[in-house]
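The chain contents come next:
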Amino acid sequence: MTPQAKLVFTTSLLLGTTITISSNHWITAWAGLEINTLAILPLISKSHHPRAIEAATKYFLTQAAASALVLFSSMTNAWYTGQWDITQLTHPTSCLLLTSAIAMKLGLAPFHFWFPEVLQGSPLTTGLLLSTVMKFPPITLLFMTSHSLNHTLLTGMAILSTALGGWMGLNQTQVRKILAFSSISHLGWMAIIISYAPKLTLLNFYLYALMTTAVFLTLNSIKTLKLSTLMTTWTKTPALSAMFFLTLLSLAGLPPLTGFLPKWLIIQELTKQDMAMAATMISILSLLSLFFYLRLAYCATITLPPHTTNHMKRWRINNRTSTMIAILTVLSTMLLPMSPMIPPTF
């Protein structure tokens, strides 16, 4: 793919995201989502490998169905209430349809089946976009309509997502699929709190995007796609592997790292809302995903290849993203002390 084509598609992604997050009208929000979908498709299928073409086809069909549901939901609401404003979604059928559509857009269980397959067929850089940038517009739509969504439905979908994200990631050997199930599990944490404290959902998403970007850029830097190749990274780049280990533990939500902050605040808020049972369930289910993060961390840092390698260890990585990886890794591990700065009304 030529640099000019990449520039056009990246600009279109930014344009589609900006249109959706800044719109008040359902039609402009839908148009932004469509621009996003059409811009990411060439980036998924740029390798022309059959797996990449299959991933692009699956992504297109799923997103087209979800966009149709968004349009149907907004039209139903406009039919009954005369309102096209995003924040004025009040009809129960429209709320149900929109929840399903956004769940399909995000890859929230039980509409999650497409996401691991699409991520597996995409390059690591496109996988990063699918896991972060492409999830931002649907999250903002959820944020704007959070006051009128069905709490029970969202809680059920959130607990199911955390359970399936952890359970299905246990026996994976492909790093991209593991990160896809990690994303599904994190979406469960975002969905369970959206009705009670929408700002916490956004905080969780921002910190998740930060940590996932650090992980994807590190994997792209060491050119790793499978657990078996991840085992040789310690002999090549020990410093980067050590920081990768900490970033993975942060993504798992272990204290005293950054990833613990949103989980701590969400559990606190759920307890305030008399949802201690849901908080307990989602906390226990997140231990499933902790297992595969530890497995990744174990392969990256503790497992050594059986034979010695014939190249010298590098203390410095000569590529363009090394500074970005360093900054993101520091942010991914050291933001927990900032928690007293978060206001109590957050």
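So, a few notes on the structure that sits alongside this text. None of these values were measured; they are calculated from a predicted model.

**Some details on the nonpolar core**
Phase 1: Core analysis: the largest hydrophobic core is formed by 96 residues, its most contacted members being Tyr-59, Leu-130, Ile-192 and Leu-230.
Phase 2: Broken down by element, this core gets its largest block of residues, 14 residues, from helix α10 (residues 198-222).
Phase 3: Taken together, domain 1 (1-146) and domain 2 (150-345) each give at least three residues to this core, which thus spans both.
Phase 4: Not counting chain neighbours up to four residues away, the residues in contact with Tyr-59 comprise Thr-37, Ile-40, Leu-41, Ile-44, Trp-114, Val-118, Leu-130 and Met-134.

**A closer look at the environment of Leu-270**
Phase 1: Checked against the element boundaries, Leu-270 lands in helix α14 (residues 260-272).
Phase 2: Taking the C-alpha atoms as reference points, Leu-270 and Pro-137, 133 residues apart in sequence, are found 25 Å from one another.
Phase 3: Residues in contact with Leu-270, not counting those within four places in the same chain, are Ile-192, Ile-193, Met-275, Ala-276 and Ala-279.

**Some details on the packing of helix α9 (residues 175-193) against α10**
Phase 1: Put simply, α9 and α10 touch, their axes get as near as 9 Å, and they point 170 degrees apart. Taken together, the axes of α9 and α10 lie roughly antiparallel to each other. Contacts between α9 and α10 involve Val-175, Leu-179, Ser-183, His-186, Trp-189, Met-190 and Ile-193 from the first element and Pro-198, Leu-200, Thr-201, Asn-204, Phe-205, Tyr-208, Val-215, Phe-216 and Leu-219 from the second.
Phase 2: By residue class, the composition of the contact of α9 with α10 is 12 nonpolar, four polar and no charged.

**Remarks on the pattern of salt bridges**
Phase 1: Tallied over the entire structure, the rule returns three salt bridges.
Phase 2: Measuring nitrogen to oxygen at the nearest pair gives 2.8 Å for the salt bridge that ties Lys-58 to Glu-54. Linking Lys-58 with Glu-54, this pair stays in helix α3 (residues 50-81), spanning four residues, or about one helical turn.
Phase 3: On the basis of relative accessible area, Glu-54 is assigned to the partly exposed category, the value being 36%.
Phase 4: Ionic contacts of the salt-bridge type, sharing partners, join the residues Glu-54, Lys-58, Glu-117 and Lys-177 into one network.

Each value, and the rule that gives it
- Residues numbered from 1 in each chain as written.
- Predicted model: local features only at pLDDT ≥ 70, side-chain atom pairs only at ≥ 80, totals over all residues.
- Heavy atoms only, no water.
- Core = buried A, V, L, I, M, F, W, Y, C linked by side-chain atoms within 4.5 Å.
- Buried < 20%, exposed > 50% of the residue type's maximum accessible area, 1.4 Å probe, protein only.
- Helix = DSSP H or I, 4+ residues; strand = E, 2+ residues; numbered from the N terminus.
- Domains from an automatic or database assignment.
- Contact = heavy atoms within 4.5 Å.
- Axes fitted to C-alpha atoms, helices over the stretch in contact; angles between N-to-C directions.
- Parallel < 35°, antiparallel > 145°, perpendicular 65-115°, else oblique.
- Nonpolar A, V, L, I, M, F, W, Y, C, P; charged D, E, K, R; others polar.
- Salt bridge = Lys/Arg side-chain N within 4 Å of Asp/Glu carboxyl O.

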